[in-house]
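This is what each chain is made of:
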Amino acid sequence: MTRFILHSQKFLLSQTSITPAQGTMQFSKIVKILLNKTKDLGASEQVISAIVNLKSKPDSLISIQSFCENYLSKPLQEIVKAEVTDDFYYSTFSVDQDVFKKELGSTVLSMKDGIMAFVPTFKYDEHVTETVEKNGVKKVTIEGILQGKKINSGRKIDKESPRK
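Quick notes on the rules
Residues numbered from 1 in each chain as written. Predicted model: local features only at pLDDT ≥ 70, side-chain atom pairs only at ≥ 80, totals over all residues. Heavy atoms only, no water. Pairing = 2+ DSSP bridges. Helix = DSSP H or I, 4+ residues; strand = E, 2+ residues; numbered from the N terminus. Salt bridge = Lys/Arg side-chain N within 4 Å of Asp/Glu carboxyl O. Buried < 20%, exposed > 50% of the residue type's maximum accessible area, 1.4 Å probe, protein only. Core = buried A, V, L, I, M, F, W, Y, C linked by side-chain atoms within 4.5 Å. pLDDT = per-residue confidence, 0-100. Arc of directions from axis to C-beta. Contact = heavy atoms within 4.5 Å. Polar contact = N/O pair within 3.5 Å; in protein donor to acceptor, adjacent residues only side chain to side chain. 1 Å grid on protein atoms, 1.4 Å probe; cavity = no way out; pocket = protein on both sides within 12 Å on 5 of 7 lines; lining within 4 Å. Points joined across faces, edges and corners; volume = space filled by probe spheres on them. Nonpolar A, V, L, I, M, F, W, Y, C, P; charged D, E, K, R; others polar. Phe/Tyr/Trp six-rings, centres within 6.5 Å; stacked < 30°, edge-to-face > 60°.

*Asks:* What's the story with the pairing of strand β3 (residues 106-111) in this structure? I'm lost.
*Replies:* The two faces of a sheet get side chains in turn, since along a regular strand they alternate between them. Here β3 runs beside strand β4 (residues 115-120); their pairing, made up of 6 bridges, is antiparallel. Looking at the pairing, Met111 lines up with Ile115 of β4. In this structure, the hairpin formed by β3 and β4 is closed by a connection of 3 residues, where Asp113 is found at a positive phi of approximately 70°.

This is the structure in structure tokens:
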């Protein structure tokens, strides 16, 4: 009888297992919520940088807690904590690369004259319109609010500073 009670207690204390696909899908939803709630360009860049960094570690186990502590500032961590149950916050899962690429990857558009555009896959339909001309040529229109420009050097162009 004692053995049964001990096993029952262990069972009641156990946590449910999250598959890589389930964990990655939930994680992507949290990231999307976080990006929608951050209006600051720096905060958005921090989140995107964290996603890119995580992409380079395909076989590691993560939790929302470890992701937040390793990659996000305290204010961003608080936004995530408000959106997640404690069970999922501390649960570990490995990243499902197919789900990750589908949900959080970028779509790279290569156009005539060397023009390239990187669009987050999960924002693609919101900002890009594709049309097919009568001759079969596909055209794209990208629409959004311009928040900055960069030159190949990686420096932002400052509209206020005089040209040298």
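*Asks:* Can you help me understand the pattern of salt bridges in this one?
*Replies:* It is possible for side chains of opposite charge to pair when their charged atoms get near one another. The final tally for this structure, using the stated rule, is 4 salt bridges. Lys37 is paired through a salt bridge with Glu83; the nearest N and O atoms lie 2.6 Å apart. Here Lys37 is found in helix α2 (residues 20-37), whereas its partner Glu83 is found in helix α5 (residues 74-83), with 46 residues between them in sequence. Lys138 is the partner of Glu130 in a salt bridge, and the nearest nitrogen-oxygen pair spans 3.1 Å. Since its relative accessible area comes to 52%, Lys138 is described here as exposed. Look at the salt bridges and you will find they share partners, linking Lys32, Lys102 and Glu103 into a network.

*Asks:* What exactly am I supposed to notice about the nonpolar core here?
*Replies:* Soluble globular proteins: nonpolar side chains tend toward being buried together. One finds Phe27, Val47, Ile64, Leu72 and Val80 to be the most contacted residues of the largest nonpolar core, which totals 25 residues. Elements represented by at least two residues in this core include exactly α2, α3 (41-55), α4 (64-71), α5, α6 (86-90) and α7 (97-104). Membership of the second largest hydrophobic core comes to 5 residues, among which are Ala117, Val119, Tyr124 and Val128.

*Asks:* Honestly, the confidence of the model for the chain in this entry has me stumped. Any pointers?
*Replies:* In low-pLDDT regions, the fine details of the predicted coordinates are not to be read closely. Residues of the chain with pLDDT of at least 70 account for 81%, and the chain-wide mean is 81. The secondary-structure element of the chain with the lowest mean pLDDT is helix α1 (residues 2-13), recorded at 50, while α4 shows the highest, at 95.

*Asks:* What is the right way to look at α7 in this model?
*Replies:* An α-helical turn contains 3.6 residues, so any two residues separated by three or four positions project in the same direction. For α7, the set of buried residues is Val99, Phe100, Glu103 and Leu104. The buried residues of α7 occupy an angular sector of 100° when the element is viewed end-on, so they sit on one face. Those residues of α7 that are exposed and aimed more than 90 degrees away from the buried face are Asp98 and Lys102. Against α2, α3 and β3 lie the buried residues of α7. The distance from a side-chain oxygen at the start of α7 to the backbone nitrogen of Asp98 is 3.0 Å, and the residue carrying that oxygen is Asp96.

*Asks:* I'm lost on the layout of surface pockets in this one. Help?
*Replies:* To find leftover empty space, one rolls a probe the size of a water molecule over the atoms. There is about 1,900 Å³ of room inside the largest pocket. As for the largest pocket, its lining consists of 36 residues, and the residues nearest its centre are Leu41, Ile48, Phe118, Pro120 and Gln147. When contributions to the lining of the largest pocket are tallied by element, the ones reaching two or more residues are α2, α3, α7, β4 and α8 (124-127). Of the residues in the lining of the largest pocket, the class split is 17 nonpolar, 9 polar and 10 charged.

*Asks:* Whenever I open this one, the packing of aromatic side chains confuses me. Can you help?
*Replies:* When we look at a pair of aromatic rings, we describe it by the centre distance and by the angle of the planes. For the coordinates displayed, the defined rule picks out 4 aromatic pairs. Arranged with centres 4.8 Å apart and planes meeting at 85°, the rings of Phe27 and Phe67 form a pair that is edge-to-face. One end of the pair, Phe27, is in helix α2; the other, Phe67, is in helix α4, and 40 residues separate them in sequence. In this structure Phe27 comes out as buried when scored by relative accessible area, which is 2%. Here the aromatic rings of Phe88 and Phe93 are separated by 5.9 Å at their centres, their planes lie at 10°, and the arrangement is stacked. Judged by relative accessible area, Phe88 falls into the buried class, the value being 11%. Using a relative accessible area of 2% as the deciding quantity, one classes Phe93 as buried. Clustering of aromatic rings is evident, with ring pairs tying together Phe27, Phe67 and Tyr71.

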